[in-house]
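Coordinates in review
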Amino acid sequence: MKRTGISRFLLRQAGKLALLLAASCVITFILVSHSPIDPTQAYIGADLLRVGAEQRDAIAEYWGLNDPPLQRFFFWFGSLLQGDFGTSMIHRAPVSEVIADRFLSSLVLMITAWVMSGILGFTAGVTAAMKRGSWLDRAIQWYCYTLSSTPTFWAGLLLLIVFTVWLPIFPVGLGTPAGVLAEDVTWLDRVRHMILPALTLSITGLANIALHTRAKLIDVLGSDYVLFARAKGEEGFVLFRRHGLRNILLPAITLQFASFSELFGGAVLVEQIFSYPGLGRATVEASTRGDVPLLLGIVLFSTLFVFTGNLLSELIYRWIDPRIREGQSI
Amino acid sequence: MPLLEVNQLSITFTQYDRGLRQKKVPVIQNLSLAVERGEIVAVVGASGSGKSLLAHAILGILPHNAAVSGRMAFDGQPLTPTVIRKLRGKRIAFVPQSVQSLDPLMRVGDQVRQAVRTGDPAAEQQRAFAQYGLAPQVARRYPFQLSGGMARRVLVSIATVSGAELLIADEPTPGMDPAVVQETLRAFKAFADKGTAIVFITHDLEAALTIADKVAVFHAGATLEVTQAADFEGKGERLRHPYTRALWLALPQNGFAIPDEEAGETQICSLKHEA
């Protein structure tokens, strides 16, 4: 009974994912084919003067750019289904390789920011709610409201000014030191380059989780079961651990998993500011320089990424919350 | 000396009226009550008469906007906030009115075990469950998997496993089936016989009379009368207050009688008015 419930859930999610990916394929294809980017132009780039009109026509013909849109779509979609994402024009490498390479360096950045914002945000929210009305609570709220109305790129610029210009502690940008051979780069160098971007992502990301946790804990503290717990002589940390923590941890975790889209969106901006060689920066390059295959590949990949986050948050709810886990079996 | 003594207790809530103007709303006025060891005092009154607030005041869990005046003493010791915090859950136990008082994400067996102060928690919990007719596997369930009556029995278990000397039960029986109500009342009686003092807050006069030694009749935030349970008999000639008499005569076995004496009439009218 319970097993079929889970497998039916997974089957339905797989169906959703297939629909979602198909829809984003169609929409991005339409958007890109109507965009002002001329693929031939983008391909030729600086060699513009040396390539004649006939040659351009030949390239367009070779690529099938003169075919009807539907035919082009099915050609692209067909190769996609065979795992062929095409070749990135900027990087002159298969799109899947570029994405895998860039995603790895983004992943470290995003995971660090995600964990930091989760832990710091949760702690700040709990502190504010437990000390509700105190100066500490007001300070945390002030910080959160300020940060949630701060654009990520602006926060990044501020950190750059403070920590690289005024106090030159961290490098200004890039993922590794400039002028050093790839095999000479130590992991410490990588960490040093990652700290500022990760910090930017997490200080803006934590406001959301902190405010949410604070509101949720205040609800819990006003509940009948906390009143009863106090009547049973529980107070302070024991009361929080027994009744507060377990009732706010679950919404906080799911919120954090559901925030993958903001994380990715934030990474795009932050990597741009810090010239950090991750997937976010690859996105911006692909779109400004007309690398259509790479752009389409990244769109599909990020769809998958955000979907995974949402799926994980739903799965965690099902695993942890007894009201859903055991609700079906009774 | 009574174990619990409440003297001239008044509770006032401060509320915001319109805009920033504050308003003081008195909810309990000059309430006095005394409970001896081994005694069951039923506090009977209509819903909204402030019965639960009396319990919350004794336990020190009133909301912040409540102001309390008067004297309360436990075992001769004045009940200040510090003293209450040390006593509750140890020497004073509480059965809350709301079934939402169980933590929704904790197995009910664990919630009972956490309340045990002396002895083996698991054994105490199993004993209490057996006594109130809860199957052993109920301990593994979460509150959402219990019926209202089962949840109340869990709440009663929590209060009774603590081994407290004073038990304050706020409407512990609604939603239970009659047999379980009888079992719960018998359990209260057994606790009282072993020396526990019990404040039994209820709107069910009939249930209260089956176990109570004294009955405090409560109306609109004040005790009208504290009387011996034995006085509730016949036509209520020994009951002093017309409201008490009206309450007694309105019971089914007394023929749902509505008293027609002039004093009773005014009380009934005011009662109807509030309902």
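Look up a bit, the structure's there.
Now for a description of the structure that goes with this document. (Residues numbered from 1 in each chain as written. Chains lettered and ligands numbered in written order. Predicted model: local features only at pLDDT ≥ 70, side-chain atom pairs only at ≥ 80, totals over all residues. Heavy atoms only, no water.)

**Some details on the layout of surface pockets**
Considering only enclosed or pocket space, the largest pocket measures out at about 1100 Å³ in volume. If you trace the largest pocket, you find 38 residues lining it, with A:Arg230, B:Gly60, B:Ile61, B:Leu62 and B:His64 closest to the centre. Those elements giving two or more residues to the lining of the largest pocket turn out to be α5 (95-130), α9 (224-231) and α10 (236-258) of chain A together with α1 (51-59), β4 (66-74) and α2 (81-87) of chain B. Put simply, the second largest pocket is a space of about 880 Å³. Along its surface, the second largest pocket is lined by 26 residues, and A:Trp63, A:Leu65, A:Trp76, A:Val292 and A:Pro293 are the ones closest to its centre. Those elements giving two or more residues to the lining of the second largest pocket turn out to be α1 (2-34), α2 (39-44), α4 (69-81), β1 (87-88) and α13 (292-320) of chain A. For the lining of the second largest pocket, a count of residues per class yields 14 nonpolar, 8 polar and 4 charged. Shared between two domains, the lining of the second largest pocket holds at least three residues of each, these being domain 1 (3-81) and domain 2 (101-320) of chain A. (1 Å grid on protein atoms, 1.4 Å probe; cavity = no way out; pocket = protein on both sides within 12 Å on 5 of 7 lines; lining within 4 Å. Points joined across faces, edges and corners; volume = space filled by probe spheres on them. Helix = DSSP H or I, 4+ residues; strand = E, 2+ residues; numbered from the N terminus. Nonpolar A, V, L, I, M, F, W, Y, C, P; charged D, E, K, R; others polar. Domains from an automatic or database assignment.)

**Quick notes on the pattern of salt bridges**
With the rule as written, the count across this model stands at 15 salt bridges over all chains. In this structure, the salt-bridge partner of A:Arg281 is A:Glu285, at a minimum N-O distance of 3.8 Å. You can see A:Arg281 and its partner A:Glu285 sitting in helix α12 (residues 279-288), 4 residues apart, about one turn around the helix. Note on A:Glu285: relative accessible area 17%, which makes it buried. The shortest N-O distance in the salt bridge between B:Glu183 and B:Arg186 comes to 3.4 Å. One end of the pair, B:Glu183, and the other, B:Arg186, are both in helix α6 (residues 178-193), 3 residues apart, so they sit about a helical turn from each other. Its relative accessible area of 22% is what places B:Glu183 among the partly exposed residues. Overall, the relative accessible area of 53% leaves B:Arg186 in the exposed class. Taken together, the shared-partner salt bridges in this structure form one network comprising B:Arg37, B:Asp75, B:Arg91 and B:Glu165. (Salt bridge = Lys/Arg side-chain N within 4 Å of Asp/Glu carboxyl O. Buried < 20%, exposed > 50% of the residue type's maximum accessible area, 1.4 Å probe, protein only.)

Function cannot be read off these values alone, since they describe shape.
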